[in-house]
Amino acid sequence: MLETMKQPWPWYVAGILIGLIVPALLILGNKHFGLSANFRHACAACFPSNINFFKYEWKKEVWNFFFVLGIFGGAILAATLLQNPDPIVVHPDLSKDLAAFGINDRSGILPKELFSFESLFSVRGLIMLIGGGFLVGFGSRYAGGCTSGHAIMGLSNLQWPSLVATITFMVGGFIMANWILPFILAL
Amino acid sequence: MSQINTFVEAPVLTADDRDFEVRSLDTMCVNESHIQHPWWYNFKYTLVGIIFGIVFVKAEIISWFRIQEMFRLQSFHMYGVIGTAVVVGALSVFLIKKFQVKTIHGEAIEFHPKKFNKGQIYGGLLFGLGWALTGACPGPLFAQIGTGVFVIAVVVLSAIAGTWTYGYLRDKLPH
């Protein structure tokens, strides 16, 4: 049993469990599933800077910080108690393309060549970590939500603006992964 | 009907309503509850988060490789995860509405329709670019730190800076 749980979980198990978070949060206390709002509440709590967008009672949304705390804790548990002893399986085509850019680490879920403090001091790492993070924070708020808020909560509630957002998330991702990222990885 | 001749009073906006208006601005997930609880009641969301975090790691949803495979159409995995989650979520919301399910505190569960604005297009595209770069959307970032990749804390700080910049420029951006 434990050995099975240490192996990567199939998509349907993950999909069902993530889908059940929607009713769990609603029934536990009328909370709508989403995560990018944390960044906004962090701004409202730490640097409101007299910006109207950050002037609200952020303490009413602290539940979202507690939720994120759980995600962090759950990841620690999974990485220690349920760690997969095998290297990560990557599609051979992707693996070959990445090898051409010197990305060969398959020991963890993130390649060390890109996700490390050393990488932060390279142009490539700087663009991917600082630039990528900035786009995630700016874009999710501009769109009014992220993958959990729009793609899962919004679509579950049949909101068509969320469908628009989900489609543009995917379009942006396709453009970056296929046409821009190869140039960045080559830096 | 005696109501026909009576005037309908304009709803008075309380400070609480106005706060909700700002809080729910450009934000999908909001606290719809009107009940005040002691702060430690929030640990129930930590429990839900722990399950979510374990799933994130074990189904490799937080892996940069899986996100690249998704956008390169090399794997069905992420489509399967998101697709199943939406079906289960939609079915749950449907049942909650149909049977008017209440929260564990007896409160009616509220839904507010979301309005369309151009931000969902421009912002969505920018978010998508960032998603493929970092290989993570906001939730997975926190899980990645939990697995011991501490440099992601820098990505989180950058995302907070991005959100702040959006708030700063909000009035000048097309919506």
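No experiment lies behind these values; they were computed from the predicted model shown.

Draft legend 1. Up close: the domain arrangement of chain A. Residues and elements named next belong to chain A. One can read the domain layout of chain A as domain 1 (1-83) and domain 2 (114-187). Contacts between the two partners involve 12 residues from domain 1, matched on the other side by 10 residues from domain 2. For the pair domain 1 and domain 2, the summed buried surface comes to about 830 Å²; carbon and sulfur atoms form 74% of the total. By the criterion of area lost to domain 2, the three top residues of domain 1 are Val-22, Phe-33 and Ser-36, representing 51% of everything that side buries. Where domain 1 meets domain 2, there are two residue pairs in polar contact (both at pLDDT 80 or more). Elements with a minimum of two residues in the side of domain 1 that touches domain 2: α2 (11-29) and α3 (37-46).

Draft legend 2. Quick look at helix α6 (residues 138-146) of chain B. All names here are of chain B. Along α6, nine of the nine residues are buried, which leaves the element largely enclosed by surrounding structure. Here α6 has its buried residues at Pro-138, Gly-139, Pro-140, Leu-141, Phe-142, Ala-143, Gln-144, Ile-145 and Gly-146. Within two residues after α6, Gly-148 carries a phi angle of roughly 105 degrees, on the positive side.

Draft legend 3. Focus on unusual backbone geometry. The phi angle at Asn-30 of chain A is positive, at roughly 60 degrees, despite the residue not being glycine. Even without a glycine there, the phi angle at Glu-60 of chain B is positive, about 60 degrees. Looking at the secondary structure, you find Glu-60 of chain B in the loop between α2 (43-58) and α3 (64-71).

Draft legend 4. The arrangement of the side chain of Gln-120 of chain B in detail. The residue Gln-120 of chain B is located in helix α5 (residues 119-134) in this model. Residue Gln-120 of chain B is classed as buried on the basis of its relative accessible area, which comes to 4%. Once you skip the residues sitting within four places of it in the chain, Gln-120 of chain B turns out to touch Tyr-142, Ala-143, His-150, Pro-161, Val-164, Ala-165 and Thr-168 of chain A together with Lys-115 of chain B.

Draft legend 5. Examining the environment of Met-70 of chain B more closely. Tracing the backbone shows Met-70 of chain B in helix α3. Residues Met-70 of chain B and Leu-173 of chain B lie 103 residues apart in sequence; the distance between their C-alpha atoms is 30 Å.

Draft legend 6. Molecular detail of the packing of aromatic side chains. Applying the stated rule across the entire model yields 28 aromatic pairs over all chains. Geometrically, the ring pair formed by Trp-160 of chain A and Phe-116 of chain B is stacked, given 5.2 Å between the ring centres and 20 degrees between the ring planes. With Trp-160 of chain A in helix α8 (residues 160-185) and Phe-116 of chain B in the loop between α4 (77-98) and α5, this residue pair bridges two chains. Taking the relative accessible area as the measure of exposure, Phe-116 of chain B reaches 35% and is therefore partly exposed. Members of the aromatic cluster, joined through ring pairs, are Phe-53, Phe-54, Phe-134, Phe-138 and Tyr-142 of chain A together with Tyr-122 and Tyr-166 of chain B. Lying across the ring of Phe-53 of chain A, Arg-40 of chain A places its NZ or CZ 4.0 Å from the centre. Seen from the ring of Phe-111 of chain B, Lys-97 of chain B lies directly overhead, with NZ or CZ sitting 4.9 Å from the centre.

Draft legend 7. Layout of the pattern of salt bridges. All told, the structure shown has eight salt bridges over all chains when counted by the stated rule. Among the salt bridges present, the one from Glu-61 of chain A reaches Arg-23 of chain B, with a minimum N-O distance of 2.7 Å. Here the residue Glu-61 of chain A occupies a position in the loop between α3 and α4 (62-81), and Arg-23 of chain B occupies one in helix α1 (residues 15-23), the pair thus bridging two chains. Among the residues examined, Glu-61 of chain A registers a relative accessible area of 0% and is labelled buried. Since its relative accessible area comes to 4%, Arg-23 of chain B is described here as buried. In this structure, the salt-bridge partner of Arg-66 of chain B is Glu-69 of chain B, at a minimum N-O distance of 3.0 Å. Here Arg-66 of chain B pairs with Glu-69 of chain B, and both are found in helix α3, just three residues apart, close to one helical turn.

Rules behind the numbers
Residues numbered from 1 in each chain as written. Chains lettered and ligands numbered in written order. Predicted model: local features only at pLDDT ≥ 70, side-chain atom pairs only at ≥ 80, totals over all residues. Heavy atoms only, no water. Domains from an automatic or database assignment. Contact = heavy atoms within 4.5 Å. Buried area = accessible area lost by both parts, 1.4 Å probe. Polar contact = N/O pair within 3.5 Å; in protein donor to acceptor, adjacent residues only side chain to side chain. Helix = DSSP H or I, 4+ residues; strand = E, 2+ residues; numbered from the N terminus. Buried < 20%, exposed > 50% of the residue type's maximum accessible area, 1.4 Å probe, protein only. Phe/Tyr/Trp six-rings, centres within 6.5 Å; stacked < 30°, edge-to-face > 60°. Lys NZ or Arg CZ within 6 Å of the ring centre and 35° of its normal. Salt bridge = Lys/Arg side-chain N within 4 Å of Asp/Glu carboxyl O.

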